Amino acid sequence: METKQFKAESKRILDMMIHSIYTHHEIFLRELISNASDAIDKIYYKALTDEALTFDKDSYYIKVAADKENRTLKIIDTGIGMTKEEMENNLGTIAKSGSLAFKSENELKDGYDIIGQFGVGFYSAFMVADTVTVISKALGSNEAYKWESEGADGYTIAPCEKDSVGTEIILTIKENTEDENYDEFLEEYRLKSIIKKYSDFIRYPIKMDVTSRKLKEGSENEYEDVLEEQVINSMVPIWRKNKQELTQEDYDNFYAEKRYGFDKPLKSIHISVDGAVRYNAILYIPEKIPFDYYSQEYEKGLELYSSGVLIMNKCADLLPDYFSFVKGMVDSEDLSLNISREMLQHDRQLKLIAKNINKKIKSELQSLLKNERDQYVEFYNSFGRQLKFGVYSDFGTHKEELQDLLMFYSSKEKKLVTLDEYVSRMPEEQKYIYYAVGDTNERIEKLPQTELVADKGYEILYFTDDIDEFAIKMIMSYKEKEFKSVSSGDLGIEADESGKETAAEEAENKDLFEAMKEALGDKVKAIRVSKRLKSHPVCLTADGEVSIEMEKVLNAMPN
Ligand code: ADP
Ligand code: MG
C-alpha cells in the first residue's frame, strides 16, 4: 500500500478549510449528507437515460449511525459510489467537484437538485474527525476501495470488501478539548437536531437508530429501551408541493414547526417562480406583533435555502425594513453561494428575488385590504406604524410603493380609511386632504381648529401616531391633492369669506391684539381675526412647514 502526498497547496488549503472556512463545526454533517444525496441523485439522473437502470425510490436512503464506544460516526448512502480513480480525483484533490463535473457532463439543465459544486465540503469532516475513512463501491463495478486520511498528511487507497453499491464514510470523532466539545457529535439527540436543522428537506430518507422507551412485551408497567430505525427528515418540503394540495392548516403547521411565531399567521403567501431566477417561497404575515419586534434584538430576515439545504437563518437582504415583520423562507437553485455555503455572494439573483418578494408582499396586502378588510385592519393595527416609517425613511423613496397601504382614522367614517377612499369622496371644490394631529381621536375631535373644515362638510384624517405627519410630508400629495393640516395658517377655505369684513374686524380690535401680542411676546408670531372658529374663542395655527405637533415630536427627540 502506497501513501500518496497531497500537493503542497492542497495541504495549505486543507488547513485553511479545517480552521477557517466554516464557523460551525456541525456543518460537516450537512456537507456529508448533501454529498450522499447528490450520489443518489446521480443514479436517479442516470436512470433517466439508461434503459438498463431502474430507479426505485424506496431502495435509496442515507443512514447516520453513531458508535459512542468506538467514537465513530458513519454516514452511509446507497448512491452511485466512487471508483478508485474517482476517489483519487474527487477526494484527493481539494476544490475538485465530481458533482459539478457530473452536472456538465450529463448536461443536466434540470439537475439543479445536485448540491455540490465547490469540491470542499467533504473536507469539513476533518473539523470533527481525526481520521476519515471512505469505503465505496461504484455503480457498475465489482471492486470496492477504501480511502483513508488523517488530514493534511495525505491519504491511502486500498481495495476492500463491500457488498452493495454506495459509500460509507466513517469518521473517528476527535476527543474533547478544553475549548471544544466533540462528544456531542456522537449524541443521538444532537445528531437528530442537526439533521433536522440543515437537511430536513433532503429528498431521500435520512435514517438513524433511535432509542425509545417502550412497554416491555407482555408487561403492563415495565419499560425498556429499544433501538428503532427512524426517518429523521421530512423529505418533501412544503414549498415544493403544489399549492392545490395544501391546506391552510399545512401552512399554519409549518409556521409553528419553524417557530416563526407563537401566534397563528394572519396570512400565508406561497410563491413559485420559474422565470429569470427560480425560487419557491413561503411567507407569513403574523397576526400579532412579535414580543421583541420593537427591541434591538429583533432581526428581520427570511430563511434561505439552496436546493433544499439551509444556508442562512436570517437573510436580511430579502426584506425591506418596512416589511420586517414578514416571516418565512426562500429556496432557490440559482444562488451563487460562497465556498462555505454560509453566505451568499451579494449577487443579482438575490436582488431579483428580493424585488420579486417585495412586490408580492405588497400585492398580497393590497388584496387583503380589498377583499378582507377586517383582517387588513387587524394587520394595520399591528404593523401600520412600520409602513409609515417605510414611507418616511430613505427620503420617501418608497412612498409610491406604500402609500396605498396606509390608513388613517376618518372624522366622517369614524374608522380607518385609505387615502384613495378619502380622495374619491372629496367634493369637487375641496382643494386639500385635511388632517388634524393630536394624542387621541377624542382630543382631536375637540380641537377648535377642526371646526371650519368640518363645518364645510369636509372629511378630516386624524393623525394620532408621532410618525403620521412626518410620513405625509414625504408623500406631499396624493392623486394630485396636497395634504393640509387643519391648524395651518391658510386652509384654502377662508378665501371665500369676505376679506373686507375681516379687515374691519382687524381694525376694530387693534388695541386688544396689540395688548395680547405684548403679553405673549415671542411665543406667537401674530394675532389675527379668524373665520375658522365657530364655538371656540381662539386657536393656534402654524405658518411654516413644520406644524406645532411636529415641533413637539422633534423637541422630544434625543439629540
Ligand atoms: P462538492 O460536493 O461541492 O462537489 P465535496 O468536497 O463535498 O464537493 O465532494 C467532492 C466530490 O467527492 C463530490 O463532487 C463527489 O464527486 C465526491 N463524493 C463525495 N462524497 C460522495 C459520496 N458519498 N458518494 C459519491 N461521491 C462522493
Ligand atoms: Mg459536497
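Residues numbered from 1 in each chain as written. Chains lettered and ligands numbered in written order. Predicted model: local features only at pLDDT ≥ 70, side-chain atom pairs only at ≥ 80, totals over all residues.

- The name that an unreviewed UniProt entry assigns to the protein is Chaperone protein HtpG, with the source organism given as Neobacillus mesonae.
- On record in UniProt, under Subcellular location (unreviewed entry), the comment for the protein is "Cytoplasm".
- Its UniProt record gives the protein the following Function (unreviewed entry) comment, quoted word for word: "Molecular chaperone. Has ATPase activity." (UniProt positions renumbered as here; feature names shortened; annotations may be inferred.)

A short note on the packing of helix H8 (residues 373-396) against helix H13 (residues 466-475)
- Where H8 meets H13, the axes come as close as 8 Å, and the angle between the chain directions of the two elements is 50 degrees. Here H8 is positioned oblique relative to H13, judged by the angle of their axes. Crossing of H8 over H13 shows left-handed handedness. Here Arg385, Lys388, Phe389, Val391, Tyr392 and Gly396 of H8 lie close against H13, whose contacting residues are Ile467, Asp468, Phe470, Ala471, Met474 and Ile475. (Axes fitted to C-alpha atoms, helices over the stretch in contact; angles between N-to-C directions. Helix = DSSP H or I, 4+ residues; strand = E, 2+ residues; numbered from the N terminus. Parallel < 35°, antiparallel > 145°, perpendicular 65-115°, else oblique. Left-handed = near helix turned anticlockwise from the far one by under 90°. Contact = placed C-beta atoms within 7 Å.)

Observations concerning the sheet that holds strand E14 (residues 327-332)
- Judged by pairing direction, the sheet is mixed, and its five strands sit side by side in the order E10-E11-E14-E12-E13 without closing on themselves. With partners counted over all chains shown, the strands left at the sheet margins are strand E10 (267-274) and strand E13 (309-315), one partner each. Strand-to-strand twist across the sheet, computed as the mean angle between neighbouring axes with direction ignored, equals 15 degrees.
- Sheet topology note: the E10/strand E11 (residues 278-285) ladder contains eight bridges and is antiparallel. The residue of E11 that forms the bridge with Lys267 is Ile285.
- Across the sheet, helix H7 (residues 348-371) touches E10, E11 and E14, and the angle it forms with E10 is around 140 degrees. (Pairing = 2+ DSSP bridges.)

Some thoughts on the environment of Ala316
- Secondary-structure assignment places Ala316 in the loop between E13 and E14.
- In this structure, the C-alpha to C-alpha distance between Ala316 and Gly301, residues 15 residues apart in sequence, is 4.0 Å.
- Not counting residues up to four positions away in its chain, the partners in contact with Ala316 are Lys300 and Gly301.

Here's the deal with H8
- For H8, which comprises 24 residues, the first-to-last C-alpha distance of 26 Å sits more than 12% below the rise-based estimate of 34 Å (1.5 Å per residue).
- The principal kink in H8, of about 65 degrees, is found at Phe383.
- Turning to H8, its buried residues are Tyr376, Phe379, Tyr380, Phe383, Gly384, Leu387, Lys388, Gly390, Val391 and Tyr392.
- Where H8 is buried, its residues contact E11, H7, helix H9 (399-402), strand E15 (407-410), strand E16 (416-418) and H13. (Expected span 1.5 Å × (residues − 1). Bend = angle between axes of the 7 residues up to and from the residue. Buried ≥ 20, exposed ≤ 12 C-beta atoms within 10 Å, placed from the backbone.)

Things to note about unusual backbone geometry
- Here Arg71, not a glycine, exhibits a phi torsion of approximately 55 degrees, which is positive.
- Among the secondary structure elements, Arg71 is positioned in the loop between strand E2 (62-67) and strand E3 (72-77).
- Phi angles above zero are rare outside glycine, and Arg259 is one such case at about 55 degrees.
- With respect to the helices and strands, the residue Arg259 is situated in the loop between helix H6 (248-257) and E10.
- For Arg259, a count of 8 C-beta atoms within 10 Å corresponds to the exposed category.

What to know about the site of ligand 1
- As a matter of local geometry, ligand 1 sits amid 23 residues, with Ser97, Gly98, Gly116, Gly121 and Phe122 nearest to it.
- At the level of elements, helix H2 (27-49), helix H3 (84-91) and helix H4 (98-105) are the ones that each hand at least two residues to the shell around ligand 1.
- If you tally residues by element for the shell around ligand 1, the top one is H2, at four residues.
- Split into classes, the residues belonging to the shell around ligand 1 amount to nine nonpolar, twelve polar and two charged. (Near = placed C-beta within 6 Å. Nonpolar A, V, L, I, M, F, W, Y, C, P; charged D, E, K, R; others polar.)

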